[in-house]
Amino acid sequence: MRTVFIGFLFLLLGANFAYSSQDTSASAITKSQDMIQKEESLRGKLDKNEKMYLKKVVVTGVTLIDREKIEEILQPFKNHWISKNDIQLILDSITTTYKEKGSYDKIEDISYKINKSALHIMVKEKD
C-alpha cells in the first residue's frame, strides 16, 4: 500500500512538473511573440521615418563641377542618419550648382541607389 501511495505521489508530482514546464514554454512563446512585435513596430517606425545610416556618399559622372564643390554639398550628410528628403536635398544642390555654372542643360539624368551603408549618386551629363 505504501509503495502504491509513493508511486501515486511521484505520478502527481511528475504531472505537475510537466504542466508547469508547458506553462513556462507557453510563457516563453508569449514573451518571444511580444519581442517580435516590438521589433516589427520599431522597424515600422524606422521605415516610416525612412532614415538610413550612411558611412559613405559617392558621386560619379560629374565633370562640370569641381570636386571641392561636391565635397561641400556632401559634408553635412557624411556619417549621418539620412532620410530620403536629405537625399533629395543633395540631388537638388547638385542640380542648382549646375544651374549656377550655366550648365543646367548639360544634365541628362541624376539618380541614386543605396548599397549597404553607402549612397551612390550617378549624374549623367549630355555630350
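Above this note sits the structure.
Scope of this entry: the structure provided in the associated data block. Since the model is a prediction, treat every value here as computed from it, not as a measurement. The written sequence of each chain sets the order in which its residues are numbered from 1. Since the coordinates come from a predicted model, pLDDT governs what is reported: local features require at least 70, and pairs of side-chain atoms require 80 or more to be given and counted, while whole-chain, interface and lining totals use all residues. Heavy atoms throughout the structure, all of them, feed into the side-chain values; hydrogens and water do not.

### Section: the nonpolar core
In terms of nonpolar packing, the biggest core is built from 18 residues, with V59, I90, I94, L119 and I121 touching the most fellow members. The secondary structure listing takes helices from DSSP runs of H or I that are at least 4 residues long and strands from runs of E that are at least 2 residues long, numbered from the N terminus. Elements with a minimum of two residues in this core: β2 (56-60), α2 (67-74), α3 (84-100) and β5 (118-125). Ranked by the residues each element gives to this core, the list is headed by α3, at five residues. Here, residues are in contact when the closest pair of their heavy atoms is within 4.5 Å. Beyond its immediate stretch of four places on either side in the chain, I90 contacts I73, L74, F77, I82, L119 and I121. To define a nonpolar core, start from buried Ala, Val, Leu, Ile, Met, Phe, Trp, Tyr and Cys residues and group those joined through side-chain atoms within 4.5 Å. Accessibility here uses a 1.4 Å probe with only protein chains present; expressed as a share of the type maximum, an area under 20% marks a residue as buried, one over 50% as exposed, and anything in between as partly exposed.

### Topic: α2
For α2, the set of buried residues is I70, I73 and L74. An end-on view of α2 places all buried positions within 95° of arc, on one side of the element. Facing away from the buried side of α2 by more than 90 degrees, the exposed set consists of E68 and E72. Regarding the arc, it is the one traced by the directions from the helix axis to the C-beta atoms.

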